[in-house]
Amino acid sequence: MVKIHKQQFLILIIVILLLTACGFKLRGQAAALPFKTIYVTAPEGHTIGIEMERMIKATPTTRLSQSAAEAEATLDIISAINERAILSLSGGGRVRDFNLIYRVNYRVLDNKGIEIVPNTEISLTRVLPFLDAQILAKEAEERILLKDMQSDAIQQILWRLSAIKFPAESTQ
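Quick caveat: nothing in here was measured; it's all calculated off a predicted structure. (Residues numbered from 1 in each chain as written. Predicted model: local features only at pLDDT ≥ 70, side-chain atom pairs only at ≥ 80, totals over all residues. Heavy atoms only, no water.)

## Quick notes on the overall build of the protein chain
Within the protein chain, the regular secondary structure consists of three helices and five strands. Expressed as a percentage of the 172 residues in the protein chain, the buried residues total 33%. Counting only contacts in the protein chain whose residues sit at least 6 apart along the sequence, the fraction spanning at least 24 positions is 68%. Working note: accessible area of the protein chain is about 11,500 Å², and carbon and sulfur atoms make up 58% of it. (Helix = DSSP H or I, 4+ residues; strand = E, 2+ residues; numbered from the N terminus. Buried < 20%, exposed > 50% of the residue type's maximum accessible area, 1.4 Å probe, protein only. Contact = heavy atoms within 4.5 Å. Areas by Shrake-Rupley, 256 points an atom, 1.4 Å probe, with all protein chains shown as cover.)

Here is the structure:
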C-alpha cells in the first residue's frame, strides 16, 4: 500500500485549491446556462441540433423542452454551412491547400418571442493541406476537421449563452 506523507498530502491539497481558485475547468465541461428550460431548433439534415441538445443535457442547470411554448428560451440555429475554398496552388496549377470554413448563424428568443440574442454568426476556419496522392485520406481528414469545427462552434454558443443575464420571471 502506498503511504502519502503529510508534506505530499499538503502539497496536493494546495495544488487542488489553486486550480479551483483560478477557475480551472476541464474543456469538455458544459457551462451553466441562465435558463431553466430551453428548446432547440436546427436546420433539417444537419447534426448540429442533435449535438447541441446533447451538450445542453450535460449542463447542470438547464433541461430541454419538447416545445417552444413550454421553454423559457428558444435557441434557433438558423443555418450551419460548410464551405471549402482554394487557399493556394502549386506552380503547376494544382491545389496545395484548402481553407475549410464553418459558419453557424443562431439567435435566442424568450418564451414571448422577443429576441434575447439577435442573429449572431460564428465563423471558424481550418487549413487543409492537399495532396493528389492521398485523396481518400484527405477526405477523411476533412470530415474530422468539420466535425471538430462543429464541436468548437457548439462550445462557443454555449459559452456565449452562459454569459447572458436573463431576468428571472417575476411573480405577480
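## Focus on the confidence of the model for the protein chain
Per-residue pLDDT for the protein chain has a mean of 85; in total, 87% of the residues score no lower than 70. Per-element mean pLDDT across the protein chain ranges from 82 in helix 1 (residues 6-21) up to 94 in strand 1 (residues 37-41). (pLDDT = per-residue confidence, 0-100.)

## A look at the nonpolar core
If you look at the biggest cluster of nonpolar residues, it comprises 33 residues, and the most contacted ones within it are Met52, Ile56, Leu75, Val104, Val108 and Ile157. Listed by contribution, the elements that provide at least two residues to this core are strand 1, helix 2 (48-57), strand 3 (73-89), strand 4 (95-110), strand 5 (115-129) and helix 3 (135-162). Considering every element that reaches this core, the biggest residue donor is helix 3, with eight residues. Setting aside its immediate chain neighbours within four residues, valine 104 contacts Ile48, Ile77, Ser79, Ala80, Thr120, Glu121, Ile122, Ala153 and Ile157. (Core = buried A, V, L, I, M, F, W, Y, C linked by side-chain atoms within 4.5 Å.)

## Some remarks on the packing of helix 2 against helix 3
Between helix 2 and helix 3, the shortest axis-to-axis distance is 10 Å and the interhelical angle comes to 50°. Here helix 2 lies oblique to helix 3, going by the angle between them. Both helix 2 and helix 3 take part in a crossing whose hand is right-handed. Each of Ile48, Glu51, Met52, Met55 and Ile56 in helix 2 lies in contact with helix 3, whose residues at this interface are Lys147, Gln150, Ile154, Gln155, Ile157 and Leu158. Across the contact of helix 2 with helix 3, the residue classes tally to seven nonpolar, two polar and two charged. (Axes fitted to C-alpha atoms, helices over the stretch in contact; angles between N-to-C directions. Parallel < 35°, antiparallel > 145°, perpendicular 65-115°, else oblique. Left-handed = near helix turned anticlockwise from the far one by under 90°. Nonpolar A, V, L, I, M, F, W, Y, C, P; charged D, E, K, R; others polar.)

## Considering the pattern of salt bridges
Applying the stated rule across the entire model yields nine salt bridges. The partner of glutamate 51 in a salt bridge is arginine 54, with the nearest N and O atoms 2.9 Å apart. Note that glutamate 51 and arginine 54 are positioned in helix 2 at a spacing of three residues, about one turn of the helix. The partner of glutamate 83 in a salt bridge is arginine 103, with the nearest N and O atoms 3.1 Å apart. (Salt bridge = Lys/Arg side-chain N within 4 Å of Asp/Glu carboxyl O.)

## A short note on the packing of aromatic side chains
The final tally for this structure, using the stated rule, is one aromatic pair. Aromatic side chains phenylalanine 98 and phenylalanine 130 sit 5.3 Å apart centroid to centroid with 80° between the ring planes, which places their arrangement in the edge-to-face category. Pair noted here: phenylalanine 98 is in strand 4 and phenylalanine 130 is in the loop between strand 5 and helix 3, with a separation of 32 residues, a long-range link. Sitting over the face of the ring of phenylalanine 98, arginine 84 holds its NZ or CZ atom 4.1 Å from the ring centroid. (Phe/Tyr/Trp six-rings, centres within 6.5 Å; stacked < 30°, edge-to-face > 60°. Lys NZ or Arg CZ within 6 Å of the ring centre and 35° of its normal.)

## Points about helix 2
Considered for burial, the residues of helix 2 that qualify are Ile48, Gly49, Glu51, Met52, Met55 and Ile56. Around the axis of helix 2, the buried residues are gathered within 165° of arc, so they sit on the same side. The exposed set on the far side of helix 2, more than 90 degrees from its buried face, consists of Ile50, Arg54 and Lys57. The inward-facing, buried residues of helix 2 abut strand 1, strand 2 (63-64), strand 3, strand 4 and helix 3. (Arc of directions from axis to C-beta.)

## Observations concerning the sheet that holds strand 1
Sheet architecture is open: five strands sit in the order 2-1-3-4-5, paired in mixed fashion. At either end of the open sheet lies a strand with only one pairing partner, and these are strand 2 and strand 5. The strands touched by helix 2 are strand 1, strand 2, strand 3 and strand 4; relative to strand 1, the strand with the most contacts, the crossing angle is about 165°. Here helix 3 sits on the sheet and contacts strand 3, strand 4 and strand 5; the angle it forms with strand 5, its principal contact strand, is near 150°. (Pairing = 2+ DSSP bridges.)

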